[in-house]
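Summary of the model geometry
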Amino acid sequence: ALLLLPVLGLHAFRRQQRNVGLPLMLAGLLWVSRDREIVAMIASVGLARLLGKRLSAIESDRWSNARILVVLSCVFALCFVQRAGISGGLDLNSLDWAAGSFGDRNVPGWWVASAVIWKYVLGAGLVCLALLGELPERIAQLLMTGLLVLFLCRTAVLFTIILASQGSFWTSMRVFGDLPFSLIGAVAAGALWPLLSARASELNLPPATATPSVSA
């Protein structure tokens, strides 16, 4: 169920069955989630879906560069707030170190680590699909590319802070608390980019290699 439900959800999403795909992916995510994390997940995905529905009425040629940047910021902010809601904080010690164990104390560490990573990748992916899935395919592909670049740039900035902090304990603690999630966001965006590209190809749309024309 941990893998099968999200895979079925992605397949349904690719077939334009969003009302089936998103619940399937969310159901797969709940298998590795604590009860208190469900509220943050449903709230973030619900807000993303509402925003996507609101923006879906805007035609592709009416998307200005400013609007793209605003929506890109909203997606990034939703991913960040969801991460804080799931963890219950910004530090690594607030992670769910029993994810995927289902109460078994003899579960190997690699399985728990994989379940934790899977939880955050799937959560960020759900936010992206819930919002971008409602938009025109060319715009969604362009925004996903921008999100991937944004997470990679954040990762590079955090690495630079580590090098510049010269061994500062508190700076290192804060950076190490944020760095894994920047990488996870980049993985989620990179994994979903081919899906949006394939969907655009099936609809015979040109690739998103340039920004749309700026409208007034």
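Above: the structure in question.
Residues numbered from 1 in each chain as written. Predicted model: local features only at pLDDT ≥ 70, side-chain atom pairs only at ≥ 80, totals over all residues. Heavy atoms only, no water.

Quick word on helix α4 (residues 65-87)
Look at α4: 33 Å from first C-alpha to last across 23 residues, which is about the 33 Å you get at 1.5 Å a residue. Among the residues of α4, I68, V71, L72, V75, L78, C79, Q82, R83, I86 and S87 are the ones counted as buried. Looking one or two places after α4, you find G88, whose phi comes out positive at around 80°. (Helix = DSSP H or I, 4+ residues; strand = E, 2+ residues; numbered from the N terminus. Expected span 1.5 Å × (residues − 1). Buried < 20%, exposed > 50% of the residue type's maximum accessible area, 1.4 Å probe, protein only.)

Structural notes on the packing of α4 against helix α6 (residues 137-165)
Where α4 meets α6, the closest approach of the two axes is 10 Å, and the angle between their N-to-C directions is 55°. When the interaxial angle is binned, α4 and α6 end up oblique. Relative to α6, the crossing made by α4 is right-handed. Contact residues: I68, V71, L72, V75, F76, C79 and F80 in α4; L142, L143, G146, L147, L150, F151 and R154 in α6. In terms of residue class, the contact of α4 with α6 is made up of 12 nonpolar, 1 polar and 1 charged. (Axes fitted to C-alpha atoms, helices over the stretch in contact; angles between N-to-C directions. Parallel < 35°, antiparallel > 145°, perpendicular 65-115°, else oblique. Left-handed = near helix turned anticlockwise from the far one by under 90°. Contact = heavy atoms within 4.5 Å. Nonpolar A, V, L, I, M, F, W, Y, C, P; charged D, E, K, R; others polar.)

Looking at the nonpolar core
Core analysis: the largest hydrophobic core is formed by 47 residues, its most contacted members being W63, V75, L131, L132, L135, L143 and L147. If sequence neighbours within four positions are ignored, L131 has contacts with A48, L51, G52, V71, V75 and L78. (Core = buried A, V, L, I, M, F, W, Y, C linked by side-chain atoms within 4.5 Å.)

Thoughts on the environment of P136
Relative to the elements of secondary structure, P136 occurs in the loop between α5 (109-132) and α6. Considering only alpha carbons, one finds P136 and L55, 81 residues apart in sequence, at a separation of 9.4 Å. Beyond its immediate stretch of four places on either side in the chain, P136 contacts I58, S60 and W63.

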